[in-house]
Amino acid sequence: KDIEYIDSYYFNKKEDTRFSSSVGKFVGFTEQGVRNAAAWNNDPSYLSAMKAQKEAYCLNHVPGYYRAAL
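Given the structure is predicted, the values throughout are model-derived calculations rather than measurements.

A. Up close: the side chain of D7. Mapped onto the secondary structure, D7 falls in strand β1 (residues 6-11). Within the local environment of D7, its side chain forms a polar contact with the side chain of Y9, the two groups lying 2.8 Å apart. Once residues lying within four places of it in the same chain are set aside, the contact partners of D7 are T17, R18, F19 and M50.

Structural data, given as C-alpha cells:
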C-alpha cells in the first residue's frame with residue numbers, strides 16, 4: 001500500500017503528463033498534456049496496462065532494494 005508507481009512525461013524540461021498509481025489515471029499539466037491525458041484515460045486497455053505496472057515493476061523489485069538499503 002505504501003508503494004506508488006509514477007510515470008511522468010516531459011516536453012522542453014516541463015512535466016507534461018503524469019500517471020500515478022495512487023490516482024489511477026493520467027493527469028495533464030499543460031494544454032497538450034491535458035489532451036494526452038484525456039485520450040489515454042479513455043483507452044481502457046492502456047489504462048489497465050499502466051495500473052499493472054505497479055505489480056509488474058514495483059512490487060517485484062522493492063524487496064531487493066529494501067534489503068540492500070538496510
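B. Local environment of a nonpolar patch on the surface. A grouping of V23, V27 and F29 is seen on the molecular surface, where their side chains present a nonpolar patch of about 250 Å² in accessible area. Structurally, the position occupied by F29 is in the loop between β3 (25-28) and α1 (31-41).

Definitions and limits used
All chains use their own residue numbering, which begins from 1 and follows the written sequence. Local features in this predicted model are restricted to residues of pLDDT 70 or higher, and side-chain atom pairs are both shown and tallied only at a pLDDT of 80 or more, whereas totals for entire chains, interfaces and linings draw on every residue. Water and hydrogen atoms play no part in the side-chain values, which are based on all heavy atoms of the structure. Each helix is a run of H or I in the DSSP string that is no shorter than four residues. Each strand is a run of E no shorter than two, and both are numbered from the N terminus. Each polar contact in these results corresponds to two N or O atoms within 3.5 Å; when the atoms are within protein, one needs to be able to donate a hydrogen and the other to accept it, and residues that are neighboring in sequence are counted only if both atoms are side-chain atoms. Two residues form a contact once any of their heavy atoms are found within 4.5 Å. Within the patch definition used here, like charges are joined within 9 Å and nonpolar side chains (Val, Leu, Ile, Met, Phe, Trp, Tyr) within 5 Å, considering only residues with over 30% relative accessible area and no salt bridge. Using a 1.4 Å probe, the Shrake-Rupley method yields the accessible areas, and only the shown protein chains count as cover for residues. For this analysis, a salt bridge means a side-chain nitrogen from Lys or Arg found within 4 Å of a carboxyl oxygen belonging to Asp or Glu.

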